[in-house]
Amino acid sequence: MSENMTSGQNPIALHRALERIWGTKPGWGRLAAVNHNVIGIRFMLTALVFFAIGGILAMLIRTQLASTESVFMDAETYAQVFTMHGSIMMFLFAIPFFEGMAIYLLPKLLGNRDLAFPRLGAYGYWCYLFGGLILIGALIGGVAPDSGWFMYTPLSSSVYAPGINSDVWLLGITFVEISALSAAVEIIVTIMKIRAAGMSIDRIPIFAWYMLVVATMMLVGFPPLILGSILLEVERAFDLPFFDPTRGGDPLLWQHLFWLFGHPEVYIIFLPAAGAISTILPVLAGTPLAGYRMIVAAIVSMAFLSFGLWVHHMYTVGIPHVALSFFSAASALVAVPTAIQIFAWLATIAHGRPRFSIPMLHIFGFFFVFVIGGLTGVMLAMVPFDWQAHDTHFVVAHLHYVLVGGFVFPMLAMAYYWVPHLSGKQPVQHLSHAAFWMVFIGFNVAFFFMHLTGLLGMPRRIFEYPSDFGWETLNFVSSMGSFLMAMGFALVALDFILLFKFGRPFRRNPWHAGTLEWAMPTPPPSYNFASIARIDSRADLLDPDKIGPRLAAGDGYLGMPRHDRMEVLGVDPISGEPDQVVELPRQTYLPLWTALATGVFFLLMLFKLYWLIPLALAAVIGCFWLWTVRDGSPIDRDPVSIGHGLKIPVHIRAQIPPSHLAMVLTLVANATLYISLLFGCLFLWVSAPNWPPQDVSLDIQILVLAAVVSILACVGSRLASRKTNMALAGNALAFCAHLLSAALFLWVALLTLPAPSGHAAIASLFVILIYAALHGMIGAIFAAHAIWRALRGHDEAVRSLDLRIGRLWHDYSAAAGVCAVGFCLNLQSLIAGSTP
Amino acid sequence: MLWGSCALFALVLGLFLAAWFVPDFGRRLPPDRWIVWGGLALPLPVLIALTLYAFNQGEFLLKGATKDTEDVLEVRATGRMWEWDFSYPTLPGSVAEPGVLHIPAGRTIEIVAESEDVIHSFWVPRLGGKIDAVPGHANRLRIRADKPGRYGGICSEYCGTGHAGMRFEVRAHDEDGFVRAVSAETSE
């Protein structure tokens with residue numbers, strides 16, 4: 001193996017060798033793609049198709065509302081149309097689109113070759129596509145969800161929505177959310193670990209800071225929604241009454257869980273767009289971004305605040321006024337970090353010399369529209385105003401100003417800025433101006449007047465209105481504006497098609513940017529950089545024109561392909577010094593197979609073929625297990641050379657390998673779900689009518705035994721990792737203990753509890769016990785994997801990574817088991833105490 | 001609130017356009033000052049004042065937009081797909097017709113909103129805020145009509161295909177008219 005990596009290698013030969021390793025194979029091989037370029041573009045294109053579908057639905061809505069007593073659609077069709085418009089735009093367009101953008105851009109901005117988990121990215125994409133197809137299929141079949149995009153119970157429960165419609169939403173969206181969670185884990189780990197050498201935490205590009213915050217918010221924001229969806233689906237499928245007030249449930253539980261996700265969601269959508277502006281604007285203004293550190297502080301505080309104001313969606317549900325004013329103050333306060341960013345951008349413009357360009361025009365659109373949306377947002381944060389405007393078209397106008405202003409205009413700006421990178425061509429620009437003004441004017445005409453319609457008292461989600469209410473003229477104007485906007489979007493699409501067909505090629509860095517994504521050929525090769533840079537200043541103040549050719553000549557780190565491996569550089573999260581070579585898995589069909597198996601699981605749930613579900617689950621677990629099989633090569637005993645005289649270990653032997661960090665993050669998301677579940681049960685105890693239940697008899701001895709046994713599992717795994725010769729015995733102990741504790745939890749849940757369909761308290765205990773049992777079973781799988789490795793004679797002293805990851809799970813599931821038992825006992829004594 | 005918003009909007013957009021098109025505009029102010037003045041000094045006092053004012057206003061509205069909190073008439077409003085029923089628990093023998101709420105003008109009315117099926121929301125745009133009728137809960141809202149007359153009411157939480165038609169009417173009478181209205185219907 002060649003260890004010398006001096007400059008002077010032939011760049012073309014190097015390119016060919018790397019492309020052979022990293023490139024996606026043609027033909028059917030495309031289905032095995034794991035490369036972030038391919039996955040990112042697929043995410044974005046798919047999201048645009050969904051955007052078009054959602055846009056067409058919006059046009060149907062505006063056609064219906066353009067006149068009074070319209071007979072264009074009936075109430076049922078209209079319900080499906082507005083529900084799907086909201087659901088598609090939120091879950092199938094906005095989130096996946098910025099995920100795709102982050103997947104495409106992050107490795108380039110961070111100066112590395114790929115994301116930390118290429119297969120996970122591919123799996124997330126397939127989950128997104130299949131979940132989206134389920135929803136669109138339902139729309140075509142006329143059985144789309146019809147309870148509004150936030151699916152309030154009991155309207156969405158099996159009593160009032162007996163059809164398949166609500167199940168489509170709950171299962172389809174949860175399926176799609178897998179991609180959001182996997183993207184969150186992947187983005188955090190990538191930003192922490194996979195960067196250019198020398199890129200310390202205070203040098204990472206501002207966009208990476210934004211995405212780090214966004215991904216963390218996704219990691220703890222999505223679990224409450226997923227939990228809510230699971231509980232509601234369980235209620236619909238198995239009659240466990242979490243939201244049924246006649247049996248101790250509470251519809252408000254759904255609202256809390258939904259908005260605990262739903263409000264951070266707004267910032268999850270806005271922040272990537274703001275990150276794009278913070279990246280683009282300084283380049284267009286020709287000056288460094290003002291207040292880098294203050295912006296970082298602002299977005300971190302915004303993330304914290306955003307989890308404390310979900311109740312402002314629920315001012316009218318009967319919560320005491322003093323409690324409301326806490327959330328009102330928090331909602332108003334969140335305007336401050338926004339204002340800090342706005343004024344940092346204004347300062348950047350003032351201190352630079354902005355060029356007139358199409359992205360700048362869209363940034364103007366962003367300022368104009370988003371500031372109005374922010375100001376109406378402050379109005380709505382005020383409780384008395386909201387009592388008037390809540391659930392009217394004023395809110396509809398506000399949320400479109402925020403989302404279109406805070407997401408669509410910045411996305412258009414970044415599209416005009418980065419599409420040259422993606423296509424290698426510069427825009428023609430004949431249509432761009434007209435397209436912008438049509439979208440901008442159309443949008444404002446459509447939605448500005450909608451504020452007035454709302455103030456005149458028109459509620460949301462009505463499919464017809466009488467002619468004597470004076471709403472018709474305003475609605476007609478809004479409809480005309482929205483059609484103009486739709487034509488504007490069609491022009492934007494045409495503009496980009498023309499760019500790809502007739503754009504002028506350019507050499508490097510057309511915007512004279514200072515970020516690393518321009519230090520590569522465009523369109524980018526699959527491996528991004530032929531070698532990896534060392535940087536010595538902030539990552540947006542570099543000179544790509546100098547760095548690019550040197551990297552292409554192999555003058556950085558890892559500038560030599562070896563053993564056909566896909567290698568990226570892993571760095572210390574704080575200092576940015578290289579600490580490991582991360583070997584990525586090659587192209588594989590496994591993500592596709594795994595996503596198909598997952599899809600079969602969701603379809604079986606949807607069509608209520610519950611007896612086949614164990615088979616689907618086994619298939620999913622089997623597929624995931626195959627992901628771990630292929631790593632047994634003995635060549636990684638010693639540190640390997642990365643060039644410039646540096647030798648560092650391969651990731652399986654490193655201190656903090658990416659997958660270890662990923663497991664920690666997964667457990668954080670899992671714990672968020674679990675905590676939401678426990679607090680949800682407590683909320684029912686406090687708020688729901690018809691409490692306490694008649695009879696909560698728990699088999700306490702068995703429960704305590706189950707908790708003790710689950711602790712034994714984590715003792716076993718510790719024994720195994722302490723001494724190599726104990727590997728087999730320790731893991732066998734962990735395996736048996738997990739199985740036994742799972743069996744005991746199941747025993748209590750299935751055989752000794754009163755019927756869970758009788759009361760929400762019993763249903764809650766049932767779900768908590770099943771959760772503990774499920775963790776035992778998964779723990780048993782981890783232990784079985786470790787046993788299999790020990791039997792195959794793996795050298796555990798060297799390759800302890802899989803065991804360490806397993807140990808994290810064993811510890812977590814023991815803690816979850818103990819908490820479950822403690823919670824059950826407490827709830828029982830609380831109920832006993834409150835029963836007269 | 002409207003004029004304040006207009007002023008802030010004009011300020012931010014004006015700064016944006018000035019910074020973009022006027023050479024050297026704002027260049028003498030260092031970036032940190034820009035951020036501290038615009039991001040902290042500008043919004044904080046506005047927000048604090050607004051929040052406090054809104055809290056007071058909210059308390060006032062909760063009491064029924066009147067200082068006189070003694071003389072309150074309780075009305076039970078029950079939503080079901082897709083109509084409202086009203087009753088007067090404190091007026092024995094009174095009867096109300098579905099979809100029409102008779103109230104005395106100039107007196108504070110406490111609506112107790114309940115639901116028999118899904119979530120509805122009681123709203124009379126010209127008389128005050130709205131309150132959700134959540135099944136299993138009884139939520140309270142005070143409204144008041146200063147003058148006799150007819151006021152339109154609607155359901156403002158989506159409650160299924162009949163949501164658009166779930167309207168009702170509030171008829172505010174003088175004291176005599178009210179007594180006649182709630183008792184006369186028995187004879188009709």
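Here the structure is a predicted model, which means the values were calculated and not measured. (Residues numbered from 1 in each chain as written. Chains lettered and ligands numbered in written order. Predicted model: local features only at pLDDT ≥ 70, side-chain atom pairs only at ≥ 80, totals over all residues. Heavy atoms only, no water.)

**So, the overall build of chain B**
Regarding its fold elements, chain B presents 4 helices and 9 strands. Start at the N end of chain B and walk to the C end: the helices and strands fall as α-α-α-β-β-β-β-β-β-β-β-β-α. Relative to a compact globule of 188 residues, whose C-alpha radius of gyration would be 16 Å, chain B shows 24 Å and is clearly more extended. For the C-alpha atoms alone, the extent of chain B along its principal axes is close to 80 × 40 × 30 Å. Residues classed as buried in chain B amount to 47% of the 188 residues present. Within chain B, contacts between residues separated by at least 24 positions form 63% of all contacts whose residues are at least 6 apart in sequence. Accessible area of chain B: about 8900 Å², with a carbon and sulfur share of 59%. Across chain B, the 18 positively charged side chains and the 23 negatively charged ones have centroids separated by 9 Å. (Helix = DSSP H or I, 4+ residues; strand = E, 2+ residues; numbered from the N terminus. Rg over C-alpha atoms; globule rule 2.2 N^0.38 Å. Buried < 20%, exposed > 50% of the residue type's maximum accessible area, 1.4 Å probe, protein only. Contact = heavy atoms within 4.5 Å. Areas by Shrake-Rupley, 256 points an atom, 1.4 Å probe, with all protein chains shown as cover. Lys, Arg positive; Asp, Glu negative; His and termini not counted. Charge placed at Lys NZ, Arg CZ, Asp CG, Glu CD.)

**A closer look at the domain arrangement of chain B**
Its domain assignment divides chain B into domain 1 (2–62) and domain 2 (72–187). For domain 1 of chain B versus domain 2 of chain B, the separation of C-alpha centres amounts to 41 Å. (Domains from an automatic or database assignment.)

**Side note on the interface of chain B and chain A**
Chain B puts 65 residues into the contact, and the matching count from chain A is 79 residues. For the pair chain B and chain A, the summed buried surface comes to about 5900 Å²; carbon and sulfur atoms form 75% of the total. The three residues of chain B that bury the most area against chain A are Phe16, Trp20 and Tyr158 of chain B, which together make up 13% of that side's buried surface. At the surface where chain B touches chain A, the tally comes to 1 salt bridge. Two residues, Asp24 of chain B and Arg353 of chain A, come together in a salt bridge whose shortest N-O distance is 3.9 Å. At the surface where chain B touches chain A, the tally comes to 12 residue pairs in polar contact (both at pLDDT 80 or more). (Buried area = accessible area lost by both parts, 1.4 Å probe. Salt bridge = Lys/Arg side-chain N within 4 Å of Asp/Glu carboxyl O. Polar contact = N/O pair within 3.5 Å; in protein donor to acceptor, adjacent residues only side chain to side chain.)

**Some points on helix α7 (residues 251–285) of chain A**
Residue and element names in this part refer to chain A. Its 35 residues place the ends of α7 51 Å apart at the C-alpha level, agreeing with the 51 Å of an ideal helix rising 1.5 Å per residue. The sharpest bend along α7 reaches about 30° and sits at Trp259. Taken across its 35 residues, α7 has 34 buried, putting it largely inside the fold. One side-chain oxygen at the N-terminal end of α7 lies 2.9 Å from the backbone nitrogen of Leu252; it belongs to Asp250. (Expected span 1.5 Å × (residues − 1). Bend = angle between axes of the 7 residues up to and from the residue.)

**Brief notes about empty space enclosed by the protein**
Rolling a probe over the atoms, with the probe sized like a water molecule, indicates the empty space that remains. All names here are of chain A. Scanning the model with the defined rule gives 9 cavities of 30 Å³ or more in all. Roughly 90 Å³ of internal volume is contained in the largest cavity. Taken together, Ser717, Ala720, Ser721, Asn731, Phe782, His785, Ala786, Asp802, Leu803, Gly806, Arg807 and His810 make up the lining of the largest cavity. Among the elements of the structure, α20 (700–722), α22 (760–791) and α23 (801–834) are those that each provide at least two residues to the lining of the largest cavity. Partitioning the lining of the largest cavity into residue classes produces 4 nonpolar, 6 polar and 2 charged. (1 Å grid on protein atoms, 1.4 Å probe; cavity = no way out; pocket = protein on both sides within 12 Å on 5 of 7 lines; lining within 4 Å. Points joined across faces, edges and corners; volume = space filled by probe spheres on them. Nonpolar A, V, L, I, M, F, W, Y, C, P; charged D, E, K, R; others polar.)

**Concerning the state of the cysteines**
All names here are of chain A. All chains considered together, the criterion is met by 0 disulfides over all chains. No disulfide involves Cys736; its sulfur sits 15 Å from the nearest other cysteine sulfur, which is in Cys714. For Cys736, a relative accessible area of 48% puts it in the partly exposed group. (Disulfide = S-S within 2.5 Å.)

**Structural notes on the confidence of the model for chain A**
Across chain A, the average pLDDT comes to 91, with 97% of residues at 70 or higher. Here residues 1–8 of chain A is a poorly scored stretch, pLDDT under 50, and it has 17 contacts once near neighbours within four places are set aside; other chains count. (pLDDT = per-residue confidence, 0-100.)

**Regarding the UniProt feature "domain: Cytochrome oxidase subunit I profile" (unreviewed entry) in chain A**
When the UniProt feature table is mapped onto this chain numbering, "domain: Cytochrome oxidase subunit I profile" (unreviewed entry) sits at residues 22–536 of chain A. Within the segment residues 22–536 of chain A, helix and strand shares are 68% and 1% respectively, and the terminal C-alpha atoms sit 28 Å apart. (UniProt positions renumbered as here; feature names shortened; annotations may be inferred.)

**What about helix α18 (residues 613–629) of chain A?**
Residues and elements named next belong to chain A. Here α18 contains 17 residues, and its C-alpha end-to-end distance of 25 Å stays within 8% of the 24 Å for a straight helix at 1.5 Å per residue. Where α18 is concerned, the buried positions are Ile613, Ala616, Val620, Cys623 and Trp627. All buried residues of α18 fall inside an arc of 90° around its axis, so they share one side. Away from its buried face by more than 90 degrees, α18 exposes Pro614 and Leu615. Tucked into the core, α18 has its buried residues touching α4 (118–140) and α17 (590–606). (Arc of directions from axis to C-beta.)

**Looking at the nonpolar core**
Formed by 353 residues in total, the largest nonpolar core has its most connected members in Trp345, Phe367 and Phe407 of chain A together with Phe122 of chain B. Here the element with the most residues in this core is helix α3 (residues 75–109) of chain A; it accounts for 23 residues. Taken domain by domain, the makeup of this core includes at least three residues from each of domain 1 (2–62) and domain 2 (72–187) of chain B. Contact partners of Phe122 of chain B, with chain neighbours within four places excluded, come to Ala77, Trp84, Phe86, Leu101, Ile111, Gly129, Lys130, Ile131, Leu141, Ile143, Ile154 and Phe168 of chain B. (Core = buried A, V, L, I, M, F, W, Y, C linked by side-chain atoms within 4.5 Å.)

**Quick word on the pairing of strand β7 (residues 139–144) of chain B**
Residue and element names in this part refer to chain B. Side chains Asn139, Leu141 and Ile143 project from β7 onto a buried face, and the interleaved Arg140, Arg142 and Arg144 project onto a face without burial. Here strand β4 (residues 108–115) pairs with β7 via 6 bridges, running antiparallel. Counterpart to Val112 in the pairing with β7 is Arg140. (Pairing = 2+ DSSP bridges.)

**Quick look at the sheet that holds strand β2 (residues 83–87) of chain B**
Residue and element names in this part refer to chain B. One open sheet accounts for 4 strands, arranged β2-β1-β4-β7; its pairing is mixed. Because the sheet does not close on itself, it has two edges, and the strands there are β2 and β7. Strand-to-strand, the axes of this sheet are offset by a mean angle of 30°, without reference to chain direction. The pairing of strand β1 (residues 72–80) with β4 spans 8 bridges and is parallel. Residue pairing across strands places Glu74 opposite Glu110, the latter belonging to β4. (Axes fitted to C-alpha atoms, helices over the stretch in contact; angles between N-to-C directions.)

**Things to note about unusual backbone geometry**
Residue and element names in this part refer to chain A. Following Thr153, the chain continues to Pro154 via a peptide bond in cis, the omega torsion being 0°. A cis geometry characterises the amide bond from Trp691 onward to Pro692, with omega recorded as -10°. Inspection of the secondary structure puts Pro692 in the loop between α19 (658–687) and α20. In this structure, Asn528 takes a positive phi of about 65° despite not being glycine.

**Digging into the environment of Leu61 of chain B**
With respect to the helices, strands and loops of the structure, Leu61 of chain B is situated in helix α3 (residues 43–62). Judged by relative accessible area, which is 29%, Leu61 of chain B ranks as partly exposed. In this structure, the C-alpha to C-alpha distance between Leu61 of chain B and Ala138 of chain B, residues 77 residues apart in sequence, is 18 Å. Look past the residues within four positions of Leu61 of chain B in its chain and what remains in contact with it is Pro384 and Trp387 of chain A together with Arg142 of chain B.

**Description of the environment of Val213 of chain A**
Residues and elements named next belong to chain A. When you line up the elements, Val213 lands in helix α6 (residues 206–238). Placed 83 residues apart in sequence, Val213 and Val296 show a C-alpha to C-alpha distance of 9.1 Å. For Val213, the residues in contact, after removing those within four places along its chain, are Leu271, Ile299, Val300 and Ala303.

**With respect to the side chain of His651 of chain A**
With respect to the helices and strands, the residue His651 of chain A is situated in the loop between β6 (646–648) and α19. The class for His651 of chain A is buried, based on a relative accessible area of 14%.

**Some details on the sheet that holds strand β3 (residues 100–104) of chain B**
All names here are of chain B. Pairing is mixed across the open sheet formed by 5 strands, whose spatial order is β3-β9-β8-β5-β6. Of all the strands in the sheet, just β3 and β6 (130–133) have a single pairing partner and so form its edges. Taken over all neighbouring pairs, the strand axes of this sheet differ in orientation by 25° on average, direction set aside.

**A closer look at the environment of Leu257 of chain A**
Residue and element names in this part refer to chain A. Note on placement: Leu257 falls in helix α7. Linking Leu257 and His85, residues 172 residues apart in sequence, is a C-alpha distance of 22 Å. Excluding residues within four positions of it along the chain, Leu257 makes contact with Pro224, Leu225, Leu227, Gly228, Leu231 and Ser676.

**A word on the side chain of Gln828 of chain A**
Within the secondary structure, Gln828 of chain A sits in helix α23. Those residues within four positions of Gln828 of chain A in sequence are excluded, and the remaining contacts are Val696, Ser697, Leu698 and Ile700 of chain A.

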